[in-house]
Amino acid sequence: MNVGIIGSGGREHAICYMLNKSKKVSKIFCFPGNAGTDLIAQNVSLDPDNFYKLEKYCMEKNIKMLVVGPEKPLVNGIVDHFNDKSIKVFGPDKLSSKLEGSKIFTKKICQENNIPTSKFKICDSLNETLDYLKNSYFPLVIKADGLASGKGVYICKNFDEAKTATEEIFKGKFGVAEQILIEEFLDGEEMSYFIVTDGKNYKFFGSAQDHKRIGEGDTGKNTGGMGCYSPSRLLNDKLELKIKTKIIEPTLNAINEHGGTYKGFLYVGLMIKDGEPFLIEFNVRMGDPECQAILPRLKSDIVEIINNTTKNKLKETSIRWKKEKSMSIVLCTKGYPGNYKKNLKIDNLENIKLEKYDKIFHAGTKFENEKYFSNGGRVLNVTSLGKSFILIRKKILKLLKIINWKHGFYRKDIGWKEIKKNANYKW
Ligand code: AMP
Ligand code: GLY
């Protein structure tokens, strides 16, 4: 079978790598892909948000299944577009994708179903928001309602910061804003928990802890994610039961009641405080870089999981995992998440020797004139599997030293809370 994958990041290279391992796959097409996917698939420079063009291309190339990496095409209704076509698209429909596309939609679902999340207030105008903020205690979190590529969230320490955030949002920094979301600040430790669901049944699809801040010790600006390890140190049976019964099941039921069809991955972004899970956000896709750490641990055939999910047969599908742990560290271009240059040459990739459990997933890269160049802020994801996070991290850092990219930087402390717990390890 010919399959397609939409996206161009590390997540999509990791999915592509798993698709390529399946005996059921003949050829893979990436829309648009990167220099890593180019090695195992055909990159196609076509705007995947143009569903008609995409459909035409898929028909021509006999592509039978499309996997959607990022949220935007899902929120824009790609699944609904292909609903009556012969091409199966793996992902939730437009209504279900509002779980990521509208933070206010999700908060209302939480409220109606007693799902644990931070207390919140929705305001309809700048003046209403400012009046509310004048009588509030800080810190507070202010969020734009719609998709904002991870940038529409402001953690505000005082009224002035909150005022700036509110003005930026209502002035349209993240698109037309009719409402704004104000949230209580949650203290705790974050965890990413994943499931795959066919709308009726769901199965665990890995856990991870992402490090979103730019600086070591989890300090500085928020990024798309600087690295992660899997499984999360926070996960245990008791907590997992609470996540399933208090958050996942009521949400899937609510989506069904709203008339949505959720088939695909669901990313449950949680804050864990004193053993209790609080929902921070849902994403209607795999995480990036979580996917790059989780997928190499998957033993089962990803195509079988995807195929069975689209056919409502997830219940009878077994999903098996390797017992090894994993980590992925992101190599970024200097300047990220602020301004950074593109088209910077990356040497040493051709010569690097990877062992069985090592993997380099490309993100912002391109291959021109027989050379690799950067093409984004997050450039490479170096992943490895092993028995202990200390050893895995050592291995990844060794590989990053060999790559020795002079235009890049990376965090050396991924997994620090978990690693600090063990022995007297220094980093
Ligand atoms: P979101 O895009 O909603 O996941 O927010 C991005 C990041 O902001 C999260 O990963 C958290 O680190 C932080 N964040 C969001 N909401 C809250 C909250 N209510 N309390 C504390 N931190 C938050
Ligand atoms: N790792 C954060 C995200 O995928 O949104």
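Above: the structure in question.
It should be emphasised that the depicted structure is a prediction, and the values quoted were computed from it without experimental measurement.

A. Structural context of the overall build of the chain. A count of helical and extended segments in the chain gives 13 helices and 23 strands. Against the compact-globule benchmark of 22 Å for 427 residues, the chain has a radius of gyration of 21 Å, which places it among compact chains. Viewed in the frame of its principal axes, the chain has a C-alpha envelope of about 60 × 55 × 45 Å. Of all 427 residues assigned to the chain, the portion counted as buried reaches 56%. Sequence-distant contacts in the chain: of pairs separated by 6 or more residues, those separated by 24 or more amount to 67%. Taken as a whole, the chain presents about 19,500 Å² of accessible surface, with 48% of it coming from carbon and sulfur. Looking at the chain, you have 71 positive and 51 negative side-chain charges, and the mean spots of the two groups are 6 Å apart.

B. Local environment of helix α9 (residues 237-257). With 21 residues, α9 extends 29 Å between its outermost C-alpha atoms, agreeing within 8% with the 30 Å of an ideal straight helix rising 1.5 Å per residue. Where α9 bends most, at Lys244, the angle is about 35°. Residues of α9 that are buried: Leu239, Glu240, Lys242, Ile243, Ile247, Ile248, Pro250, Thr251, Leu252, Ala254 and Ile255. Looking at the buried residues of α9, the elements they touch are α5 (98-101), α6 (103-112), β10 (189-197), β11 (202-210), β15 (264-273) and β16 (276-283).

C. Main features of helix α1 (residues 10-21). With 12 residues, α1 extends 17 Å between its outermost C-alpha atoms, agreeing within 8% with the 16 Å of an ideal straight helix rising 1.5 Å per residue. In terms of burial, α1 is largely enclosed, as nine of its 12 residues are buried. Among the residues of α1, Gly10, Arg11, Glu12, His13, Ala14, Ile15, Cys16, Met18 and Leu19 are the ones counted as buried.

D. Focus on the site of ligand 2. Around ligand 2, the surrounding shell consists of Asp210, Lys212, Gly224, Tyr267, Asn283, Arg285, Gly287, Asp288, Pro289 and Glu290. Between ligand 2 and the protein, one listed contact pairs an oxygen atom with a backbone N or O atom of Asp288 at 3.0 Å. For ligand 2, whose free accessible area comes to 190 Å², the fraction covered by protein is 88%. Split into classes, the residues belonging to the shell around ligand 2 amount to two nonpolar, three polar and five charged.

E. Quick look at the layout of surface pockets. Estimates place the volume of the second largest pocket at around 300 Å³. Lining of the second largest pocket is provided by 13 residues; of these, Val79, Phe82, Asn83, Val89 and Lys263 occupy positions nearest its centre. Of all the elements in the fold, those that place two or more residues in the lining of the second largest pocket are α4 (78-81) and β5 (88-90). Of the residues in the lining of the second largest pocket, the class split is four nonpolar, four polar and five charged.

F. Broad picture of the sheet that holds strand β2 (residues 27-32). Reading across from one edge, β3-β2-β1-β4-β5 is the order of the five strands in this open sheet, with parallel pairing throughout. The strands lining the two open edges of the sheet, one partner per strand, are β3 (42-43) and β5. Inspection of the sheet shows β2 paired to β3 by two bridges, in the parallel sense. Across the sheet, Cys30 pairs through a bridge with Asn43, a residue of β3. Contacts from α1 reach β1 (2-7), β2 and β4 (63-68) within the one sheet, and its direction differs from that of β1 by about 170°.

G. Summary view of empty space enclosed by the protein. Per the counting criterion, the structure on display carries one cavity of 30 Å³ or more. Roughly 50 Å³ of volume is contained in the largest cavity. Around the largest cavity, the lining residues are Val67, Val68, Leu74, Phe90, Gly91, Pro92, Gly264, Phe265, Val284 and Arg285. Where the lining of the largest cavity is concerned, the elements lending two or more residues are β4 and β15. For the lining of the largest cavity, the residue count by class is seven nonpolar, two polar and one charged.

How each quantity is defined
- Residues numbered from 1 in each chain as written.
- Chains lettered and ligands numbered in written order.
- Predicted model: local features only at pLDDT ≥ 70, side-chain atom pairs only at ≥ 80, totals over all residues.
- Heavy atoms only, no water.
- Helix = DSSP H or I, 4+ residues; strand = E, 2+ residues; numbered from the N terminus.
- Rg over C-alpha atoms; globule rule 2.2 N^0.38 Å.
- Buried < 20%, exposed > 50% of the residue type's maximum accessible area, 1.4 Å probe, protein only.
- Contact = heavy atoms within 4.5 Å.
- Areas by Shrake-Rupley, 256 points an atom, 1.4 Å probe, with all protein chains shown as cover.
- Lys, Arg positive; Asp, Glu negative; His and termini not counted.
- Charge placed at Lys NZ, Arg CZ, Asp CG, Glu CD.
- Expected span 1.5 Å × (residues − 1).
- Bend = angle between axes of the 7 residues up to and from the residue.
- Near = heavy atom within 4 Å.
- Polar contact = N/O pair within 3.5 Å; in protein donor to acceptor, adjacent residues only side chain to side chain.
- Nonpolar A, V, L, I, M, F, W, Y, C, P; charged D, E, K, R; others polar.
- 1 Å grid on protein atoms, 1.4 Å probe; cavity = no way out; pocket = protein on both sides within 12 Å on 5 of 7 lines; lining within 4 Å.
- Points joined across faces, edges and corners; volume = space filled by probe spheres on them.
- Pairing = 2+ DSSP bridges.
- Axes fitted to C-alpha atoms, helices over the stretch in contact; angles between N-to-C directions.

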